[in-house]
Amino acid sequence: MIIAIDGPSGAGKSTVAKAVAKKMGFSCLDTGAMYRAVAWRGIQDGIALEDAEALGEIARTCPISFGHVEGDPVPRRVFIDGQEITEAIRTAEIDRAVSPVSAIPSVREALVDQQRRIGSEGNYVIEGRDIGTVVFPQAEVKIFLTASDEERAHRRVRQNVDRGVGHIDYDVVLEDLRQRDKRDSSRATSPLKPAEDAHHIDSTDQYIEDVIEEICSLAEAAGAVRPKAQE
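What counts as what
Residues numbered from 1 in each chain as written. Predicted model: local features only at pLDDT ≥ 70, side-chain atom pairs only at ≥ 80, totals over all residues. Heavy atoms only, no water. Helix = DSSP H or I, 4+ residues; strand = E, 2+ residues; numbered from the N terminus. Rg over C-alpha atoms; globule rule 2.2 N^0.38 Å. Buried < 20%, exposed > 50% of the residue type's maximum accessible area, 1.4 Å probe, protein only. Contact = heavy atoms within 4.5 Å. Areas by Shrake-Rupley, 256 points an atom, 1.4 Å probe, with all protein chains shown as cover. Lys, Arg positive; Asp, Glu negative; His and termini not counted. Charge placed at Lys NZ, Arg CZ, Asp CG, Glu CD. Pairing = 2+ DSSP bridges. Axes fitted to C-alpha atoms, helices over the stretch in contact; angles between N-to-C directions. Parallel < 35°, antiparallel > 145°, perpendicular 65-115°, else oblique. Left-handed = near helix turned anticlockwise from the far one by under 90°. Nonpolar A, V, L, I, M, F, W, Y, C, P; charged D, E, K, R; others polar.

A. Structural detail: the overall build of the chain. What the chain contains, in helices and strands, is 9 helices and 8 strands. Over its C-alpha trace the chain gives a radius of gyration of 17 Å, about what one expects of a compact globule, namely 17 Å for 231 residues. Here the chain, with 231 residues, has 48% of them falling under the buried criterion. Residue pairs in contact within the chain that sit at least 24 positions apart in sequence constitute 72% of those at least 6 positions apart. Accessible surface, the chain: about 10,800 Å² in total, of which carbon and sulfur atoms supply 48%. Between the averaged position of the 29 positive side-chain charges in the chain and that of its 40 negative side-chain charges there is a distance of 1 Å.

B. How the structure looks around the sheet that holds strand E4 (residues 77–80). Taking strand neighbours across the sheet as the criterion, the 3 strands line up as E3-E4-E5 in an open arrangement whose pairing is antiparallel. Of all strands in the sheet, those bounded by a partner on one side alone are strand E3 (64–67) and strand E5 (83–84). Taken together, the 2 bridges between E4 and E5 define a ladder with antiparallel strand orientation. If you follow Phe79 over to E5, its bridge partner there is Glu84.

C. Spotlight on the sheet that holds strand E6 (residues 124–128). Strands sit in the order E2-E6-E1-E7-E8 across an open sheet of 5 strands; the sheet is parallel. The sheet terminates laterally at strand E2 (27–30) and strand E8 (199–202), the two strands that pair on one side only. When strand polarity is set aside, the average angle formed by the axes of neighbouring strands in this sheet is 20°. Bridging between strand E1 (residues 2–6) and strand E7 (residues 141–146) involves 4 bridges; their strand directions are parallel. Directly across from Asp6, in E7, lies its bridge partner Phe144. Against the sheet, helix H1 (residues 13–24) engages E1, E2, E6 and E7, with an angle of about 180° to E6. Each of E2 and E6 is contacted by helix H2 (residues 31–44), which is oriented at about 35° to E2, the strand it contacts most.

D. How the structure looks around the packing of helix H7 (residues 149–163) against helix H8 (residues 170–186). As a packed pair, H7 and H8 sit with axes 9 Å apart at the nearest point and diverge in direction by 120°. The orientation of H7 relative to H8 falls into the category oblique. Helix-helix and strand crossings are classified by hand; for H7 and H8 the assignment is right-handed. Across the interface between the two elements, Asp149, Glu150, Arg152, Ala153, His154, Arg156, Val157 and Asn160 of H7 pack against Tyr170, Val173, Leu174, Leu177, Arg178 and Asp181 of H8. A class-by-class count of the residues in the contact of H7 with H8 yields 6 nonpolar, 2 polar and 6 charged.

Shown next as structure tokens:
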């Protein structure tokens, strides 16, 4: 079974996806980390973000992998070409770079192929921006997770403070989020939009635990069986 969770930056997709995967005994795939990895490698190699050919070549030829702790379905480490970049891809610079890089058709094509291969290997919670519309349109459960612009900015600031990277100025973060929303929603290839059959969840005024439980219940209604330890 595939549980697809799409939505804009800062809506809580990663946190929710990891928690749902743990509760349901699924594996978890963070597709955003894959695009961030390509953006990071491009910057390291001095490649312009407009150089579609060179960035597409990175996506096609540089293997991206994830590190797991035994018994934990959630990947804790990210690698490209064998080099760990777990922390390096969570900076303000990569926040700004990932949107134009992910809009490049050749990059998306290469990474979507990888995502489909991984997702076909078992039960997965997969989060991103086009999972339910493009990558896995046949997903049994599709979620479009949103929150207000202001709430998403507050969350991102708190996250940046906690991890010690990225902007912590609320106004700067809010503007960055809005600009990324505009780019992601208006790009020609795989724009950010909900699937027609997606369940819409607004997490602005909800406890995160309630959002997680709602998605788990939808998965159970679609035929997933929650592990007994989680009942």
